[in-house]
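Chain by chain, the residues run as shown.
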Amino acid sequence: LKGVALDHAEHIVGDLSLVYTPADAGMQPNFGFAAGLWEECWNLSPDMHLHLWVKVQDVSNPPWGVRLVDSNKLEATGRLPDIKAIGEWQELTLALNVLQATSGFDWSHTSLLEFEVAFGQDARIHLDGICFEGDGTVIGVTDKSLTQRMVEAQSSRAVRVETAFRKA
């Protein structure tokens, strides 16, 4: 993917972090993560939190918008807490219940997490440990437990096999 790389030297959670370089990605105003490639969804609730580690190298330090999209394309939007330390890892947490959700938004079928940020031309952003947490549940976005990976593989098996046969 253009503008995104793995970094094994700079990380907080696990063995690596993601590095996003907006200029290499064509200065897109939005970037983010899908729940999966095979129509998977995250089973969230407004009682959960979005948790992530970021290291922003951008002197402009713009605010970060957050957007969740459900399987019906309805949205819940808000803003991350401000980044206080440029060039250093910072842990951020956002309660999902502060997001403005469109009427009918289905938390249990959330398919996309997206950030909207107007970064500067020289910006470089490290992302790590992105997950949703609440009531003892952790749903990994960038770093996933083996159990979560196995459940995702099991739930997407039929559609993956069907797609493989169609393409063969």
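Residues numbered from 1 in each chain as written. Predicted model: local features only at pLDDT ≥ 70, side-chain atom pairs only at ≥ 80, totals over all residues. Heavy atoms only, no water.

**Q** So what exactly am I meant to see when it comes to the overall build of the protein chain here?
**A** Along its length, the protein chain carries one helix and eleven strands. Mapped in sequence order, the helices and strands of the protein chain form the string β-β-β-β-β-β-β-β-β-β-β-α. Expressed as a percentage of its 168 residues, the buried residues of the protein chain come to 39%. Put simply, of all contacts in the protein chain between residues at least 6 apart along the chain, 72% involve residues at least 24 apart. (Helix = DSSP H or I, 4+ residues; strand = E, 2+ residues; numbered from the N terminus. Buried < 20%, exposed > 50% of the residue type's maximum accessible area, 1.4 Å probe, protein only. Contact = heavy atoms within 4.5 Å.)

**Q** What exactly am I supposed to notice about the packing of aromatic side chains here?
**A** By the definition in use, this model includes nine aromatic pairs. Summarising the aromatic geometry, the rings of phenylalanine 31 and phenylalanine 115 are spaced 5.5 Å apart at their centres and angled 45 degrees between planes, so their arrangement reads as tilted. Separated by 84 residues along the polypeptide, phenylalanine 31 in strand 3 (residues 30-34) and phenylalanine 115 in strand 9 (residues 110-116) bring together distant segments of the chain. There is no split in this pair, since phenylalanine 31 and phenylalanine 115 are both buried. (Phe/Tyr/Trp six-rings, centres within 6.5 Å; stacked < 30°, edge-to-face > 60°.)

**Q** Please clarify how the pattern of salt bridges should be interpreted in this entry.
**A** Once their charged atoms are close, side chains differing in charge can pair, the charge on each being opposite to the other. This structure, assessed with the given rule, holds four salt bridges. We note a salt bridge from arginine 67 to glutamate 75, for which the minimum N-O separation is 2.5 Å. Of the charged contacts in the structure, one is a salt bridge between arginine 79 and aspartate 82, with a shortest N-O distance of 2.5 Å. Judged by its relative accessible area of 46%, arginine 79 is partly exposed. When salt bridges with common partners are traced through the structure, they connect Arg67, Glu75 and Glu114 into a single cluster. (Salt bridge = Lys/Arg side-chain N within 4 Å of Asp/Glu carboxyl O.)

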